[in-house]
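# A look at the structure
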Amino acid sequence: MPATLSPSEAPPVTSTGGGDFVTLPPSQEGNWHNPGGDGVVQRYKLGVWIGMGGILMFFAALTSAMIVRQGLSGDWVPVAVPPVLYVSTLVLLVSSFTVERARREAVLRSSDGLRRWMNVSAGLGLAFLACQLLGWQDLAGRGLYLASNPANSFYYLLTAGHGLHLLGGIAVMGYVWVRIRASRPWPTRLAVVEATALYWHFLDVLWIYILGLLMFWR
Amino acid sequence: MTEVQLSKEVAEYTEVHRHPEPKSFIWKYIFSVDHKVIGIQYLLLAVVAVFVGMALSLLVRLRLVCPECSYPLLGQFFPVGAPEGVMTPEFYLAMLTMHGTVMVFMVLTTAPQGGFGNYFLPIQIGAADMAFPRLNMLSFWTTFVSFLLLMAAFVVEGGAPMSGWTGYPPLSAVPEATLPGIGQDLWLASIAVFCIASLLGALNFIVTTLDLRAKGLTMMRMPLTCWTWFVTAILGLLAFGVLLAAGVLLLMDRNVGTSFFVPAGLVVSDKVIDHSGGSPILWQHLFWFFGHPEVYIAILPGMGVTSHVLSTFARKTVFGYRAMVYAIAAIGGLGFVVWGHHMFVSGMSPYSAFVFSVLTMCIGVPSAIKTFNWIGTMWGGKIRFTSPMLYSIGFVSLFVSGGLSGIFLGQPTVDLYFHDTYFVVAHFHLIMGVAAIFGMFAGLTFWFPKMFGKMMNEPLSKIHFWITFVGVYAIFGPMHYLGMLPHPRRYAEITSVDYLGTGGAAELHMFITVAAVLTVLAQFIFLYNFVKSIFSGKECREENPWEATTLEWTIPSPPPHDNFAGKVPHVYRGAYDFALKGAKRDFAMQCNDDKAVYGEPAPQASGD
């Protein structure tokens, strides 16, 4: 469907409402299911989709452990979610929009735009993590430490697990930045950006799930 | 870049981007991103690990037949575990634990998937490399770190952990219950790192299979080896995350005082342990949710190699290819819903036990489909009894023998009696340990000419096969009887039960130990054959010495850096086209179009 243009020409973008399609030079290893095309982008995104399966199983295991542990004995003292978590949630939701903006800039092959919005997103990611740390401080201020109670243990564990995955996302954003500096060809750059955006949205949804678990399954 | 002679077998190629070959030693052999080098790295790691694991099993056997014997050399290495060379019961348990851990994780999980899968999946699907080569390198080196962490447990104060490869709490969770030391923590760290490595590897395998297949290579034309690597990767992806979570919880119980797995009021050495309200059973659920799929992670690739080799050397197509694929998928799927059968004696509700039991019995159906299809593949074939063929037939035999005892153990009422006896040891060693190892022997002897451009010494391989085949039955056969006595497993020594201690059981133990020593010695025949053949084996520069059908046999031996020299072959047919009517040869390679197979004019298109 998309027109084929040589890589030196202007970015061939076809807006279809459902997303943007870009034709990449044939040297970028499109596969036979999708010949002549965006093989690398698809492959990276497929990788993220598959990776989500593994991450979900990790959190599913923690969730089931939490539910079982709660029903085991009478030592479970529910912990109130610190209010700063609402701020962090808001920050993360906004960052999903900025990541999406960065992705669009990448589709349009704008290095400056990509860098700008990637920086904003990474900044928001760090702000989110700072809020999570404040949340921990809030708990600690109430005398609720990691081992004081199983409810606290799971609070710290779930937030830390999610935070580490987010830190990984920020690290990949740094990698994108390096790739822009090194003037790597657009298709491979775009592949990393698309994969990062997908991963970031996934972490967003995962956080909503964890927040729900902490709020309503106390 | 060296010029590569393209195969005359291939009817048509697609041009792809060609990858440059690294020049320096470090990037070519150490931190290589080439799937073939990484595959060999995994295999070498597994070879080192398997000899460590075998040495540990010998120590276990020696302690069982002679608790008071002294081995001065051992005393020098382990002054605490074996003072003056006499193994303590704690030392026995530590060796047992490390034997299981090394074998399950570092051998059975790495070699079939990380080793052979890495080397041959991309070639068999016509790709230049894995989907994410650098991630692939990261997977291997993470696995290597995990191996080092595990080995470090031997040398730290307090020695290796003694809670079994299953790491059951409270023994694994309460430091006060064992010798003081960080052995168990290193073990847990090793397992956690291994989980991460395996998750990355699984992701890579899945994307590679889905995304990099050559033109014409539909899923239903893939060799069964690729199917098993693919399904194994899915199992790994879904199982290792759970073990990782469980491992983190256990590490926290040990080190920061949380109470996930340690119950309240636990008394160890007249001291109340400061934990509250956890449950050791929770660990068992999490562990076995991983642990059962892990069994299939170990055995599925062996099944793939067996199907592949049986078909090639019986010169017949795989009997019921589609049924084989569905059976692989069914075994993988059912593997996730039967973990409770490891816990029949944990006090679970009889109703749950019944459900787990029925689901467990269901696995017999796809397993039987596979077994009958293997026999059907050989039936009436012009069998060539090469060494890979012998190992594959051995695999079928061991799989059946080990599977039959599984039907006993899968029933809660019978399992109450057999649980934690040598019957279980016999069962899982035959089906998961030795059968999988025979799959590896089959794979190694089958693919050796492709990997190294040399042949292994056939007579030596056959001698090794017969000694090992008889040897493993001599070791694990009598264990069924020990289990029926019932002789409990994991005990360093039986002191006060006459018929187990000094009666017939002791003689059986001696028989098993002698058989074990001889079988382990026989493995040096294979090692010698393997190493010698790499350096001075008979040259084999032919592309296709076995007259096989899949794509790896269309490229030079050993394969060049990017496999197909910047081209991808087109695939025209299924993986096991043998004994075709009207064909010019008795086999058709996957890349042969009908013109190449039948000459002009083509009578009809062959099916998948």
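Every value quoted in this text rests on a predicted model; they were computed, and no experiment measured them.

Moving on, we get to the overall build of chain B. Helix and strand content of chain B: 17 helices and eight strands. Scaling as 2.2 N^0.38, a compact globule of 608 residues should have a C-alpha radius of gyration of about 25 Å, and chain B matches this with 25 Å. C-alpha atoms of chain B, sized along the principal axes, occupy 85 × 50 × 50 Å. In chain B, buried positions account for 54% of the 608 residues. Within chain B, contacts between residues at least 6 apart in sequence are counted, and of these 80% link residues at least 24 apart.

Along its length, chain A carries five helices and two strands. In chain A, which comprises 218 residues, the proportion classed as buried is 37%. For chain A, the share of sequence-separated contacts (at least 6 apart) that also reach a separation of at least 24 residues comes to 68%.

The biggest cluster of nonpolar side chains holds 209 residues, and the ones touching the most others in it are I206, V242, L243, A245, A246, I299 and A435 of chain B. Top contributing element to this core by residue count: helix α7 (residues 224-255) of chain B, with 22 residues. Other than its neighbours up to four places away in sequence, L243 of chain B contacts I191, C195, F287 and F290 of chain B. Of all hydrophobic cores here, the second largest spans 30 residues; its members include V40, V107, L190 and L203 of chain A.

Residue and element names in this part refer to chain B. In contact at an axis separation of 8 Å, α7 and helix α8 (residues 280-314) are set at 160° when each is read in the N-to-C sense. By the angle between their directions, the pair α7 and α8 is classed as roughly antiparallel. Once α7 is placed against α8, the crossing between them reads as left-handed. Class assignment for the residues of the contact of α7 with α8 results in 24 nonpolar, seven polar and one charged.

Now for the environment of L212 of chain B. Residues and elements named next belong to chain B. Along the chain, L212 turns up in the loop between α6 (183-211) and α7. For L212, a count of 25 C-beta atoms within 10 Å puts it in the buried group. The spacing of L212 and G126 is 86 residues in sequence and 7.6 Å in space, taken between C-alpha atoms.

Now for the confidence of the model for chain A. Considering every residue of chain A, the mean pLDDT works out to 84; 83% of them sit at 70 or more. Below pLDDT 50 for its whole length, residues 1-30 of chain A participates in 43 contacts with residues either more than four positions away or in separate chains.

Moving on, we get to the confidence of the model for chain B. Summing up the model confidence of chain B, the mean pLDDT is 93 and the portion of residues at 70 or higher is 97%. For this predicted complex, the interface score ipTM comes out at 0.93, alongside a pTM of 0.93.

Bringing the environment of V120 of chain A into the picture now. Inspection of the secondary structure assignment puts V120 of chain A in helix α3 (residues 111-141). Sequence separation between V120 of chain A and L85 of chain A is 35 residues, and the spatial gap between their C-alpha atoms is 20 Å.

This next bit is on unusual backbone geometry. Residues and elements named next belong to chain B. In this chain, L485 is followed by P486 through a cis amide linkage whose omega measures 0°. The omega torsion of the bond from S557 to P558 falls at -10°, within 30 degrees of zero and hence cis. As for its position among the elements, P558 is in the loop between β5 (538-539) and β6 (567-569). If you check the backbone angles, S269 has positive phi at about 50° while not being a glycine.

Glancing now at the environment of W136 of chain A. All names here are of chain A. Turning to its location among the elements, W136 is positioned in helix α3. On the basis of neighbour count, W136 is assigned to the partly exposed category, with 19 C-beta atoms found within 10 Å. Spatially, the C-alpha atoms of W136 and P82 are 8.4 Å apart, while their sequence positions differ by 54 residues.

Residue and element names in this part refer to chain B. Here α6 crosses α7 at 155°, and the two axes come no closer than 7 Å. In terms of orientation, α6 lies roughly antiparallel with respect to α7. When the axes of α6 and α7 are compared, the crossing they make is left-handed.

Calculation criteria
Residues numbered from 1 in each chain as written. Chains lettered and ligands numbered in written order. Predicted model: local features only at pLDDT ≥ 70, side-chain atom pairs only at ≥ 80, totals over all residues. Helix = DSSP H or I, 4+ residues; strand = E, 2+ residues; numbered from the N terminus. Rg over C-alpha atoms; globule rule 2.2 N^0.38 Å. Buried ≥ 20, exposed ≤ 12 C-beta atoms within 10 Å, placed from the backbone. Contact = placed C-beta atoms within 7 Å. Core = buried A, V, L, I, M, F, W, Y, C linked by C-beta atoms within 7 Å. Axes fitted to C-alpha atoms, helices over the stretch in contact; angles between N-to-C directions. Parallel < 35°, antiparallel > 145°, perpendicular 65-115°, else oblique. Left-handed = near helix turned anticlockwise from the far one by under 90°. Nonpolar A, V, L, I, M, F, W, Y, C, P; charged D, E, K, R; others polar. pLDDT = per-residue confidence, 0-100.

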